[in-house]
Amino acid sequence: MFAAIYCRKSVNTMQGESIQSQLEHCRAYLAAHRAPDEARNALVYRDEGFSGAGLARPAMQQLLRDVRAGHIHCVVCYRLDRISRNIADFTTLMEEFARCHVSFLCAAEAFDTEKPMGRAMLYIASVFAQLERETIAERVRDNMYTLAEDGRWLGGKPPFGYLLQRSLPPFPRTVLVPDAATFPQLCEIFQAVLQTGTLSAGLRYGITMRRLRQMLGNPVYFAADATTARLLAQDGYTVLFSPKAACSAAVMPYGKRPNQKQDHAVMLAAMGEHPAVCDGKSWARLRQIRNPRPIGQRGRVPVGMLSQLLRCGICGDVMECKRRSGREGQFDYICRAKNREKRCDCPNCAGIAADAAVWEQCIRHGDLSVSAQMPMALRQSIVGLLTESATWDGTVLQLTLRQ
């Protein structure tokens, strides 16, 4: 059995308590309070870019699977809010650890669930962790509504076709204004796509397909009219302007975008002061050209049979699924440390070939009689039940099946 170190950070940045900093503190705490050997051999679980409001995090789910399998005898984290910022989730975790006879240690607050006082203080601290998360979310919402009422630009690089203009004190405001050099080109790009009905028509202007898709999906280019208001409401925005049949001013969006997951996020759409490139009806047409597939199939991340099961044989991190660019239906398993932090050089594993080999071994091992039309979700469940572990070191895919 091993000790486990869990590290989490909501945003992938180099500031604050980095994953590596948390890991070093946890190893030092584990070495001081348990044994140096345990600190050196501890299993490490990293979740970077995931909120502490829920437990639907890849490394957390893998940790729970290893706990239930009896591989872990204690879990260490740097601070209590790294493992959870929700009282209900925290209570569930502690009950799960208790059932599996796993102790929980917190390096910064020096909590140890092997002692009664440590268990009591953990629950008290979890209340304040949730309070902190909800207070921050409330401040963000209040600030976002204030900015939206004024129609100001939040900051950062302006969208293509516009420039930033800041008014003078005593009431300085930053708004978008058309860029004389690029705004006419922006209008030509949108009209070319509308007239031809294909995205390739916009590539003649020297922009990439990825950037063109981003531009066509950005509400900042489109008029704050009734059609745009309906489309924004479908995307989850709170519309703050009064929809009209026609409007020359464009939308000013605030908060997260629909394709970015974030708890308690604010999505507001106000009326800006900058001129629109197209009206709402044109945007509805451009959205169909941009995403010809049904909404449920847009940007779907491939899910292989070994999702959350395959581990990197070099660094021990999880291997994630990643779609192959320009190759429909094909994907690779890529080491998460390599994909997100460039900390590993393990070669990718071809997803379709790996899944086929694993599925064949599982059928033989389980003596199964299966249909060729069996859904992928059911195949993945069978592989998860039969697989003890799977690793890929860049050359060999090693599979250990349960007896």
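Keep in mind the model is a prediction, meaning the values are calculated, not measured. (Residues numbered from 1 in each chain as written. Predicted model: local features only at pLDDT ≥ 70, side-chain atom pairs only at ≥ 80, totals over all residues. Heavy atoms only, no water.)

*Asks:* Got a minute to help me understand the overall build of the protein chain in this structure?
*Replies:* Broken down by element type, the protein chain carries 13 helices and 16 strands. The proportion of buried residues among the 403 residues of the protein chain is 43%. Nonlocal contacts in the protein chain, meaning residues at least 24 apart in sequence, comprise 57% of its contacts between residues at least 6 apart. Here the protein chain has roughly 21,200 Å² of accessible surface; of this, 53% comes from carbon and sulfur atoms. (Helix = DSSP H or I, 4+ residues; strand = E, 2+ residues; numbered from the N terminus. Buried < 20%, exposed > 50% of the residue type's maximum accessible area, 1.4 Å probe, protein only. Contact = heavy atoms within 4.5 Å. Areas by Shrake-Rupley, 256 points an atom, 1.4 Å probe, with all protein chains shown as cover.)

*Asks:* Honestly, the packing of aromatic side chains in this entry has me stumped. Any pointers?
*Replies:* Each aromatic ring pair is specified by the distance between its two centres and by the angle formed by the two planes. Per the stated rule, a full pass over the model turns up 7 aromatic pairs. A ring pair is formed by Phe190 and Tyr221, whose centres lie 5.5 Å apart and whose planes are at 75°; its orientation type is edge-to-face. In this pair, Phe190 sits in helix 7 (residues 183-196) while Tyr221 sits in the loop between helix 8 (209-216) and helix 9 (226-234), placing the two residues 31 residues apart along the sequence. With respect to burial, Phe190 and Tyr221 carry one shared label: buried. The lysine or arginine in question, Arg287, covers the ring of Trp283, its NZ or CZ lying 4.8 Å from the ring centre. (Phe/Tyr/Trp six-rings, centres within 6.5 Å; stacked < 30°, edge-to-face > 60°. Lys NZ or Arg CZ within 6 Å of the ring centre and 35° of its normal.)

*Asks:* Is there a simple way to think about the sheet that holds strand 12 (residues 319-323) in this case?
*Replies:* By way of backbone hydrogen bonds, the strands of a sheet pair with one another, either parallel or antiparallel. The sheet built from 3 strands is open, its strands ordered 12-13-14 with antiparallel pairing. In this open sheet, the two edge strands, each paired with only one partner strand, are strand 12 and strand 14 (349-350). Of the strands in this sheet, strand 13 (331-335) and strand 14 are in contact with helix 12 (residues 351-366), which crosses strand 13 at around 90°. (Pairing = 2+ DSSP bridges. Axes fitted to C-alpha atoms, helices over the stretch in contact; angles between N-to-C directions.)

*Asks:* Honestly, the sheet that holds strand 16 (residues 397-401) in this entry has me stumped. Any pointers?
*Replies:* If you walk across this open sheet you meet the 3 strands as 11-15-16, and the pairing is mixed. Lying at the two open borders of the sheet, with one neighbouring strand each, are strand 11 (310-312) and strand 16. For this sheet, the mean inter-axis angle between neighbouring strands, taken without regard to orientation, is 20°.

*Asks:* Hey, could you run me through the pattern of salt bridges in this one?
*Replies:* Side chains bearing opposite charge may pair, as long as their charged atoms lie close to each other. Overall, the coordinates contain 7 salt bridges when judged by the stated rule. Residue Glu96 pairs with Arg68 through a salt bridge whose shortest N-O separation is 2.9 Å. Note that Glu96 is positioned in helix 5 (residues 87-99) and Arg68 in helix 3 (residues 58-68), a separation of 28 residues in sequence. What makes Glu96 buried here is its relative accessible area of 10%. (Salt bridge = Lys/Arg side-chain N within 4 Å of Asp/Glu carboxyl O.)

*Asks:* Quick question: what am I supposed to make of the environment of Asp81 here?
*Replies:* Turning to its location among the elements, Asp81 is positioned in helix 4 (residues 80-83). For Asp81, a relative accessible area of 6% corresponds to the buried category. Sequence separation of Asp81 and Gly52 is 29 residues, and the distance between their C-alpha atoms is 7.0 Å.

*Asks:* Could you clarify how one ought to interpret the side chain of Gln62 in this entry?
*Replies:* Relative to the helices and strands, Gln62 is located in helix 3. Gln62 sits in the buried class, given a relative accessible area of 9%. If we skip the residues at most four places from it in the chain, Gln62 touches Tyr45, Gln308 and Arg311.

*Asks:* Would you mind showing me how to read helix 13 (residues 376-386) here?
*Replies:* Think of an α-helix as 3.6 residues a turn; residues three or four steps apart then line up on the same face. The set of residues buried in helix 13 consists of Arg379, Ile382, Val383 and Leu386. What you see down the axis of helix 13 is that its buried residues fit within an arc of 100°, all on one side. Facing away from the buried side of helix 13 by more than 90 degrees, the exposed set consists of Ala377 and Leu385. Where the residues of helix 13 are buried, they touch helix 12, strand 15 (387-392) and strand 16. (Arc of directions from axis to C-beta.)

*Asks:* Where do I start with the layout of surface pockets in this structure?
*Replies:* Any empty space left between atoms is shown by rolling a water-sized probe over those atoms. Its boundaries defined by the atoms lining it, the second largest pocket holds a volume of some 610 Å³. For the second largest pocket, the lining is made up of 24 residues, of which Gln62, Asp66, Arg311, Glu388 and Ser389 are closest to its centre. Looking at the lining of the second largest pocket, the elements that each hand over two or more residues are strand 2 (43-48), helix 3, strand 11 and strand 15. The element contributing the most residues to the lining of the second largest pocket is strand 15, with 5 residues. Among the residues forming the lining of the second largest pocket, the class breakdown is 9 nonpolar, 8 polar and 7 charged. (1 Å grid on protein atoms, 1.4 Å probe; cavity = no way out; pocket = protein on both sides within 12 Å on 5 of 7 lines; lining within 4 Å. Points joined across faces, edges and corners; volume = space filled by probe spheres on them. Nonpolar A, V, L, I, M, F, W, Y, C, P; charged D, E, K, R; others polar.)

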